Amino acid sequence: MLVSFKTVLDMAEKGNFAIPAFNVYNMETVMGVIRAAERQNAPVILQNYSRLVTNEEGYFLAPIIIAAAEKASVPVCYHLDHGASEVEVMRTLRYGATGIMIDKSALPMEENIAGTKNVVELCKAVGVEVEGEIGHVGSAANGDEQTTEYTTVEEAKAFVEGTGVTALAIAVGTAHGRYKKAPKLAIERIAEIHKNVDVALVLHGGSGVPDEEIKASINAGIRKINFGTDLCYAFLDQVFATGRDKVGIDLFMKDAVEAVASFAEEKIKLLGADNKA
Ligand code: 13P
């Protein structure tokens, strides 16, 4: 069933686990994640990058996500990831999203707060909760996980008070993409922020983070973890391994859908979201 962002975040808070949020790109990746969620009886978030709604793809992808979520036997939220501007936010709301992330973290703090607050107000008008970001989670390709410029408790408090967000992405040692060296997370900092703000904390850049670090981050208070890159690798590795003798595209894609499903099942269990639907 299609549910709100708040619904899945509350489930995670009550059950002391993290809701897995998978970036999806096409019908097959949606099918793989839904299959995993149903097999593991888990609530999940399906999210798409902002560029997919900046461009034409979202127009076709969003109805697939909505149909899949509505048909699923488990709670599914449809979320915008790293919303680039109000345009992408409005578009995704029109497509039926039940959660929104606006990412103005590259701007100075005051502008980030003002811009995020504006989106929170817009979304409130249609009953949708918002994720913001304070402290920039960079890219592994630039070695950004090596930075020790973590989000501070003061920044997190000021951001939450100033914006009214429901979820907060923080910089605590992860980066997007493939790491050159496994990251070490600032677990103490997560725990301090968790103690001081009353919103769901989000970890971006979940691909390649060692299992023990993921578990420690959840114990410290992380309630949503994003996986993008490794889902793509699971899908693409299988596509490249599938022989050219399968010509019907649906038949060709079967193994790739299953590869996404087994990747997602592994992460669902790691995050403790199995049997929490
Ligand atoms: P990865 O691609 O590193 O898993 O990050 C995904 C993410 O955080 C999406 O916002």
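Residues numbered from 1 in each chain as written. Predicted model: local features only at pLDDT ≥ 70, side-chain atom pairs only at ≥ 80, totals over all residues. Heavy atoms only, no water.

## Quick look at the overall build of the protein
Quick note on the threshold: In DSSP terms, a helix is any run of H or I states spanning at least four residues, a strand is any run of E spanning at least two, and both are numbered starting from the N terminus. Radius of gyration: C-alpha atoms only; globule rule: 2.2 Å multiplied by the number of residues to the exponent 0.38. Burial here depends on accessible area, computed with a 1.4 Å probe over protein chains only, as a share of the maximum for the residue type. Under 20% is buried, over 50% is exposed, and the range in between is partly exposed. Whether two residues are in contact is decided by their heavy atoms: any pair within 4.5 Å suffices. In short, Shrake-Rupley with a 1.4 Å probe defines the accessible areas, and a residue's cover is counted only from the protein chains shown. Asp and Glu are treated as the negative residues and Lys and Arg as the positive ones, with His and the ends of the chain left uncounted. Note that the charge is assigned to NZ on lysines, CZ on arginines, CG on aspartates and CD on glutamates.
Per the secondary structure count, the protein includes 11 helices and 8 strands. A globule of 277 residues ought to have a C-alpha radius of gyration of about 19 Å, and the protein, at 18 Å, matches this closely. Among the 277 residues that make up the protein, the fraction classed as buried is 55%. Expressed as a percentage of contacts within the protein between residues at least 6 apart in sequence, the contacts between residues at least 24 apart total 74%. On the protein, roughly 12,100 Å² of surface is accessible, and the fraction owed to carbon and sulfur atoms is 53%. When the 27 basic and 38 acidic side-chain charges of the protein are each reduced to a single mean position, those positions are 4 Å apart.

## Some remarks on the environment of Val74
Mapping Val74 onto the fold places it in the loop between α4 (57-71) and β3 (76-83). Residue Val74 is classed as buried on the basis of its relative accessible area, which comes to 1%. On a C-alpha basis, the gap between Val74 and Asn112 in space is 34 Å, while along the polypeptide they are 38 residues apart. Among residues more than four places away in sequence, those in contact with Val74 are Met1, Ala37, Glu38, Asn41, Ala42 and Ala277.

## A word on the pairing of strand β5 (residues 129-134)
Quick note on the threshold: Assignment of crossover handedness uses the view with strands pointing away from the viewer, where a clockwise path from the first strand over the helix to the second indicates a right-handed crossover. One bridge is not enough; two strands pair if DSSP finds at least two bridges between them.
Counting buried positions along β5 yields 5 of 6 residues, so the element is predominantly enclosed. Remark: the strand β4 (residues 99-102)/helix α6 (residues 109-124)/β5 crossover connection has right-handed handedness. For β5 and strand β6 (residues 167-170), the ladder comprises 4 bridges, and the chain directions are parallel. Within β6, the residue paired with Ile134 across the bridge is Ile170.

## So, the sheet that holds strand β1 (residues 19-23)
Heads up, the condition is: Here an angle of 0 to 180 degrees is reported between the N-to-C directions of two axes, which are lines fitted to C-alpha atoms, with helices fitted over the stretch in contact.
Around the barrel, 8 strands lie side by side as β1-β2-β3-β4-β5-β6-β7-β8; this closed barrel has parallel pairing. The average undirected angle you get between the axes of adjacent strands in this sheet is 25°. Examined bridge by bridge, β3 and β4 share 3 bridges and lie parallel to one another. Paired with His79 across the bridge in β4 is Gly99. Helix-sheet contacts for α4 involve β2 (44-49) and β3, and the interaxial angle to β3 is about 150°.

## A look at the site of the ligand
The condition is simple: When we say a residue is near a molecule or strand, we mean one of its heavy atoms is within 4 Å of it. In protein, a polar contact requires one atom able to donate a hydrogen and another able to accept it; more generally it is a pair of N or O atoms within 3.5 Å, and residues adjacent in sequence count only if both atoms are side-chain atoms.
Around the ligand sit 15 residues in total, of which Asp81, Gly205, Ser207, Gly228 and Thr229 are the nearest. For the ligand, an oxygen atom lies 2.5 Å from a polar atom in the side chain of Ser207. Between the ligand and the protein, one listed contact pairs an oxygen atom with a side-chain N or O atom of Thr229 at 2.5 Å. Protein contact buries 100% of the 300 Å² of open area that the ligand shows by itself. Put simply, the parts of the chain that give the shell around the ligand at least two residues each are β3 and β8 (222-227).

## Overview of α4
Worth spelling out the cut-off: Given the number of residues in a helix, its expected span is that number minus one, multiplied by 1.5 Å. An arc is given here, and it is the one of the directions from the helix axis to the C-beta atoms.
Given a rise of 1.5 Å per residue, 15 residues ought to cover 21 Å, and the 22 Å separating the end C-alpha atoms of α4 matches this to within 8%. Residues of α4 that are buried: Gly58, Leu61, Ala62, Ile65, Ile66, Ala68 and Ala69. In a view along the axis of α4, the buried residues occupy a sector of 165°, so they form one face of it. For α4, exposure combined with an orientation more than 90 degrees from the buried face picks out Tyr59, Phe60, Glu70 and Lys71. Of the surrounding secondary structure, the elements contacted by the buried residues of α4 are α2 (27-40), β2, α3 (50-54), β3 and α5 (86-95).

## Points about the pattern of salt bridges
To keep things clear, this is the line we draw: Within this document, salt bridges are pairs made up of a side-chain nitrogen of Lys or Arg and a carboxyl oxygen of Asp or Glu, the two lying within 4 Å of each other.
Tallied over the entire structure, the rule returns 10 salt bridges. As a salt-bridge pair, Arg39 and Glu265 come within 2.8 Å of each other at their nearest N and O atoms. Taken together, the residues span a long stretch of sequence, with Arg39 in helix α2 and Glu265 in helix α11 (residues 249-270) at a distance of 226 residues. Given the relative accessible area of 12%, Glu265 is considered buried. In this structure, Glu213 and Lys184 form a salt bridge, with 3.1 Å as the shortest nitrogen-oxygen distance. Remark: Lys184 occurs in the loop between β6 and α8 (187-196) and Glu213 occurs in helix α9 (residues 211-220); sequence separation between them is 29 residues. Using a relative accessible area of 10% as the deciding quantity, one classes Glu213 as buried. By relative accessible area, which is 61% here, Lys184 ends up exposed.

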